[in-house]
Amino acid sequence: MDSRDSSSSSVPNRDGTAGDDDGVLSVTAALAKDAALYFQSRKFAECVDVLTQLKTKKEGDPKVLHNIAIAEFLRDGCSDPKKMLEVLNNIKKRSEELAHASEEQVESGSDVGNKVTSGSKESSSTTHQVSASHSASTIYTAEFDTSVISLNIAVIWFHLHEYAKALSVLEPLYKNIEPIDETTALHICLLLLDVVLASCDASKSADVLNYLEKAFGVGNVSQGDNGNILLQQSTNLVGKLSSVPSSSLVSDASTPDLAASVNASENPLSRTLSEDPLDEMFSTLDIAGQNLSRSADLTSPKELPRTTVDRSIFGVDLKLKLQLYKVRFLLLTRNIKLAKREVKHATNIARGRESSTALLLKAQLEYARGNHRKAIKLLMASTNRTDTAISSMFNNNLGCIYYKLGKYHTSAVFFSKALSNCSSLQKEKPLKLFTFSQDKSLHITYNCGLQYLACGKPIIAARCFQKASLIFYKRPLLWLRLAECCLMAVEKGLVEGSRPPNRSEIRVDVIGKGRWRKLLIEDGISRSGLVDSVGKDDWALGGDEEPKLSLPLARQCLYNALHLLNCSDSSHLKSLLPSNSSLEENESSDGASSKNPNHKSLVGIDSKPSTLSVGLVNSNGDLKEPKAGTNQEMIHNSVAYFADICRKENQMMKQALLANLAYVELELENPLKALSAARSLLELPGCSRIYIFLGHVYAAEALCLLNKPKEAVEHLSIYLSGPNKVESPFSQEDCEQWLTEKPIDCEEPNGGGGGAATAAKNPSPEGMQEFMFLKPEEACGTLYANLAALYATQGELDRAHQFTTQALSLLPNSTEATMTAIYIDLLLGKSQEALSKLKRCSHVRFLSSNLQSNKSS
Amino acid sequence: MGKKMLNFEEQCKILNLLKSSSEQKSIEEMLTEFFTNPKLRHFNVCYSLSLLLQDKMMLSSTERLVAFAILHRSYSSQKSAANPFISFLVNAACDEGAENYERAFILHLLGFGNSNSSKEFLKQSASEYIKKFDPSSQTFPQKEQLQKQYLEKAHPEPYACLLKSTAVKNVLADPDVPPGCDANSAEFDLEPGAKSKLGSGDRDEALSGLIANLSLEGLIPHWIRPLPPRFPVDEELVWLNPDNNHELQWDQGMCADTSRGAAVRDLIAKALRGPLAPNQQEQVLVELANDPKLVYHCGLTPRKLPELVESNPLIAVDVLIKLINSPEIAEYFTVLVNMDMSLHSMEVVNRLTTAVELPKEFVRTYITNCISSCENIKLVDKEKELLRCNFIFKIWHALHDVKVGPFFWLIFSCALGFVLTCRNCQLKREWKDFLNRKAFSLTNSVQIKA
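Residues numbered from 1 in each chain as written. Chains lettered and ligands numbered in written order. Predicted model: local features only at pLDDT ≥ 70, side-chain atom pairs only at ≥ 80, totals over all residues. Heavy atoms only, no water.

(A) View of the confidence of the model for chain B. All names here are of chain B. Per-residue pLDDT for chain B has a mean of 72; in total, 68% of the residues score no lower than 70. In the model, residues 401-410 has pLDDT below 50 throughout and makes 13 contacts with residues more than four positions away in sequence or in other chains. Per-residue pLDDT stays below 50 along residues 437-450; that stretch engages in eleven contacts with residues further than four places along the chain or on separate chains. (pLDDT = per-residue confidence, 0-100. Contact = heavy atoms within 4.5 Å.)

And the structure:
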């Protein structure tokens with residue numbers, strides 16, 4: 001009420017000094033100023049009061065409505081962000097309608113096209129009025145500028161982890177960022193950077209990072225007219241900054257400007273004199289703002305923002321922030337070496353101030369390098385563990401490390417601790433918007449899923465993945481994991497109506513006694529009955545219902561993953577094709593596009609042609625370290641390098657997906673589909689030998705089921721080196737290579753323990769243990785056994801017999817091989833040999849027919 | 001558990017049937033009785049019986065006859081070729097190792113030779129049939145003959161899986177007798193009341209066990225289908241880092257003074273219509289410089305650019321330089337490229353080339369347009385000529401440091417063509433000197449131009 005009184009008392013004064021219109025203007029301006037001050041001091045209730053007054057004076061003004069919405073939302077403890085989104089979207093729509101209406105009004109009213117360039121780009125490029133003379137420009141689109149509303153919408157999406165949605169709001173803003181005032185622009189950029197980093201979009205991160213450094217840091221802003229202008233406004237500082245010798249952010253710990261910046265912030269008085277461009281920029285900003293706010297009648301609206309630049313992003317802070325962003329970017333692109341250097345630089349900037357972010361990034365770096373012990377040590381050094389949000393991250397990260405160490409149960413403990421941290425975080429009051437984004441329980445749940453899968457608990461793992469699908473549904477890997485859960489559940493007999501739990505066992509009914517004793521071999525490993533379990537797809541994404549794991553679900557998941565992968569492939573291709581192609585390239589296509597020159601490269605993002613990426617990774621897959629040239633070059637190289645990694649990973653994933661698909665289709669008795677999956681697998685370029693082997697085996701089986709034994713033989717005989725000799729389809733190295741496809745930077749700092757380095761290079765024993773697959777000799781045995789089965793059906797019993805002998809010598813415990821061998825013996829009339837094989841096999845269970853009790857052989 | 005072929009009722013039925021075969025009931029009677037149950041699954045029953053028949057020791061002679069009769073009767077309403085067990089029957093009839101009465105019985109069943117008396121022999125019991133059987137009365141036809149008669153019109157093999165269609169019987173005899181003893185000798189049969197000895201067993205027990213456990217599936221060769229490996233967990237675990245907090249932003253534009261830059265907007269509007277006074281021009285430039293964002297709100301659009309260029313080239317240059325980072329700059333350039341060539345437009349382009357880095361594409365297009373308009377206009381007055389000279393010279397310098405590839409020569413030759421018609425002798429001389437310095441081949445350039 002105080003505020004209302006004071007402001008209302010000031011009305012007559014202003015009325016007295018100015019004309020009627022001006023009076024109203026100044027009243028509203030004063031109210032707006034009051035409200036802004038309340039807002040800044042976080043007195044939201046008072047703020048709303050003032051705004052309500054304002055609203056009566058400016059009925060329907062979208063900006064007033066917007067600020068009311070914001071203030072009320074914060075006053076009420078951010079309880080319903082979804083509703084807030086709705087409110088903001090409505091205001092935005094209204095604002096746009098008003099802008100449109102006023103535009104039309106101007107056009108019809110004054111017979112001229114008064115095109116104002118700010119605002120949405122579409123509108124400016126669609127309507128063209130050639131004739132222009134009279135300025136009807138009382139209309140001013142800044143009035144209907146929706147950039148702040150949009151930003152706030154994106155902020156809320158961001159806190160709700162809806163990165164794609166946030167991105168869709170932010171991208172148009174970013175594309176047209178130049179006309180937006182600096183403070184908002186900076187917020188947009190920082191938010192966008194967080195969004196694209198969170199969605200692992202390296203190339204967009206690089207764009208924004210480059211732009212941020214250019215516009216708010218170093219680099220040349222190509223405004224050629226600097227120097228002759230009074231440097232009073234913050235933005236001009238950017239121009240001035242460009243004249244400062246660059247590379248203050250080119251991170252070399254020994255560059256002199258760093259020392260300068262250290263001095264600068266140790267002595268705040270000398271800040272304005274400092275050579276550090278960022279410090280200077282923001283301290284100037286600050287001072288200018290204070291001056292302006294003191295001289296009240298100078299509060300022209302465009303100056304107002306300058307007075308209220310967010311206090312959290314002053315010079316050093318912003319610099320540190322940018323540096324940490326860069327580290328995150330480098331970690332995302334797995335440019336470990338540079339990340340290490342940049343993180344060092346970041347700690348220098350932070351100068352001993354507690355930065356849990358920096359510490360966690362450091363730990364992540366060591367984690368990424370495979371120095372798990374060191375990573376643990378760094379995490380332990382974090383002092384800020386009383387904070388619930390931080391401790392949930394801390395526990396989660398420890399869980400990750402222990403997972404990598406192969407200690408799944410320890411990691412499970414940490415993950416569940418992290419989850420309980422999260423749930424207590426949600427109970428904390430008052431609720432802040434930040435609380436939503438700090439709740440990472442879905443991320444942690446995903447980790448849990450992986451851990452359960454590693455522990456062989458497919459059902460609970462699937463439940464985790466299902467929960468995490470709320471945020472990860474666009475990741476092909478999630479769907480692959482779900483499919484793996486299904487396969488594991490089926491394999492373990494946990495699926496209703498599927499085969500008996502232990503299918504690696506031959507069950508033999510012993511019937512009768514003495515002379516009349518008969519052995520009836522139950523075909524327990526026959527796969528019939530699985531098709532009966534085909535249920536409806538009774539699992540909705542994100543639903544509360546527990547996923548019912550089944551083979552059809554596995555198939556569905558695999559198709560999802562393949563689809564997503566193909567989508568990302570094509571978009572990946574697009575990003576590789578230089579969308580904002582440099583001009584050297586245009587030259588080759590001389591004149592083709594001359595009428596519509598592609599000026600996008602001017603917008604501030606230099607992206608060089610992708611040729612740079614070529615040769616970054618040599619044929620051995622070793623990383624040639626991206627040379628640290630200029631900042632931009634470094635960032636660009638990282639993007640190219642990361643694109644390469646992603647391409648490789650996608651290739652690997654595609655192999656796994658197709659192999660799984662072929663397997664699932666075989667299990668579901670769809671040999672045609674299995675065959676086509678296996679064939680696509682074999683056609684993949686750069687397919688691992690392991691998966692080539694699987695492709696051939698699956699294709700051969702599918703062909704067998706399709707009664708095409710000749711073609712089936714072709715697939716298997718690829719591995720025949722002699723008439724009856726199979727060569728190993730893959731080697732141990734192939735397995736290891738598959739596990740360590742990613743190149744690891746394994747340089748130890750200052751000659752520290754080399755053990756960790758070698759451990760990082762070679763797959764750890766835990767890693768191998770996780771890789772549960774046939775050994776090369778078992779693969780040979782598989783080929784022998786399948787060849788035997790194939791020849792047996794073809795009536796080539798002698799050959800089949802030879803193969804089966806070799807198969808049994810390599811796979812003495814394989815039930816399939818034993819069964820085939822018995823089958824062949826029986827066909828050859830050697831029932832005695834068949835009997836003895838049956839009795840020798842360790843996986844036979846003899847069941848007395850009457851008692852049905854187990855009787856071991 | 002594999003699928004059992006027979007349900008309990010069927011098992012009892014079969015066991016009873018087999019037991020009663022030794023009685024003095026006629027075969028016909030037994031058959032009728034057997035088929036009273038309509039729920040009987042004929043195929044399963046027949047298949048079980050056929051499996052039992054394959055083992056020559058398992059069933060007694062009378063039981064075998066009855067079993068064969070069932071196999072035949074189950075499908076007797078259809079043509080013989082439709083009987084799924086017809087080849088089994090034919091094979092059994094031709095089995096040299098089998099008893100002759102059995103073979104004869106099957107032939108009778110099939111109605112071979114004497115079709116009219118087909119039913120008569122079933123009026124007797126199985127044991128009677130065996131007893132009364134006269135080996136001399138029966139001739140055994142060749143297998144081919146039987147096959148021709150009963151199988152010829154058989155349906156083509158239905159589709160069956162390769163692996164499964166080759167199944168073999170999954171019952172193995174595993175006589176548990178002391179080593180060295182003949183498992184087939186009757187000494188191991190369990191005598192009722194006698195003390196059981198090692199290796200003895202009860203046939204009936206085995207039979208009922210078998211019948212209870214038979215499954216439809218035989219033994220087939222097994223394919224090893226390796227489970228694909230799990231995808232390695234690499235960078236997949238989510239590492240968490242603290243997020244930056246992003247607060248909701250206050251809209252500072254609320255109730256803002258919308259008159260910002262009104263003066264400039266007015267001046268720009270004026271500037272579109274005619275040259276501004278020097279002090280006005282100065283004002284525009286200063287205000288634009290003071291507020292870098294003002295340029296976006298000064299009321300200029302790409303479509304209005306030509307007028308501004310013609311009236312106030314200096315302001316146009318300034319505005320364009322300020323808009324260089326604007327997303328609309330491409331549009332401005334497009335307009336600039338396509339507007340009529342004039343001294344002012346050249347001036348603007350020229351100044352732009354020195355002030356900012358223009359997209360080469362733009363420069364190139366601009367030059368092409370200029371050249372074509374150069375060629376099209378007649379040399380009316382000295383001013384235009386001078387203008388052209390100047391322009392080419394300027395562009396030449398502008399392009400000096402830029403690699404323009406073939407375009408270089410195009411301009412060059414154009415310039416050359418101009419020089420030849422140039423009346424300004426001094427300029428002509430300068431050009432010629434320049435060309436000489438570059439050791440430029442005339443013929444070459446002309447060729448390229450063509």
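(B) Looking closely at helix H17 (residues 356-369) of chain A. All names here are of chain A. Compared with the 20 Å implied by 1.5 Å per residue over 14 residues, the 20 Å span of H17 between its first and last C-alpha is a close match. Burial analysis of H17 places 13 of its 14 residues in the buried class, which makes it a mostly covered element. Phi turns positive one or two residues past the end of H17, at glycine 370, with a value near 85 degrees. (Helix = DSSP H or I, 4+ residues; strand = E, 2+ residues; numbered from the N terminus. Expected span 1.5 Å × (residues − 1). Buried < 20%, exposed > 50% of the residue type's maximum accessible area, 1.4 Å probe, protein only.)

(C) Representation of the UniProt feature "repeat: TPR" (unreviewed entry) in chain A in the model. Listed under "repeat: TPR" (unreviewed entry) in the UniProt record, and renumbered for this structure, are residues 781-814 of chain A. Within residues 781-814 of chain A, the helical portion is 79% and the strand portion 0%, while the C-alpha atoms at the span's ends are 9 Å from each other. (UniProt positions renumbered as here; feature names shortened; annotations may be inferred.)

(D) Spatial organisation of the nonpolar core. Among the nonpolar cores identified, the biggest contains 143 residues, and Ile401, Tyr446, Phe465, Ile521, Tyr691, Phe693 and Leu838 of chain A are the most heavily contacted of them. In contact with isoleucine 401 of chain A, other than residues within four places in its own chain, are Tyr367, His372, Ala375, Ile376 and Leu379 of chain A together with Trp239 of chain B. Residues Phe158, Leu160, Cys189 and Leu320 of chain A belong to the second largest nonpolar core, which totals 93 residues. (Core = buried A, V, L, I, M, F, W, Y, C linked by side-chain atoms within 4.5 Å.)

(E) Focus on the pairing of strand S1 (residues 506-511) of chain A. Residues and elements named next belong to chain A. Counting buried positions along S1 yields six of six residues, so the element is predominantly enclosed. Neither face of S1 is open: one carries Ile506, Val508 and Val510, the other Arg507, Asp509 and Ile511, and all of them are buried. The sheet contact formed by S1 and strand S3 (residues 844-848) spans five bridges and is parallel. The partner of arginine 507 across the bridge, within S3, is arginine 845. Note: S1 against strand S2 (residues 518-522), five bridges, orientation antiparallel. Across the sheet, the residue bridging to arginine 507 is glutamate 522, located in S2. Connecting the antiparallel pair S1 and S2 is a turn made up of six residues, with glycine 512 showing a positive phi of about 80 degrees. (Pairing = 2+ DSSP bridges.)

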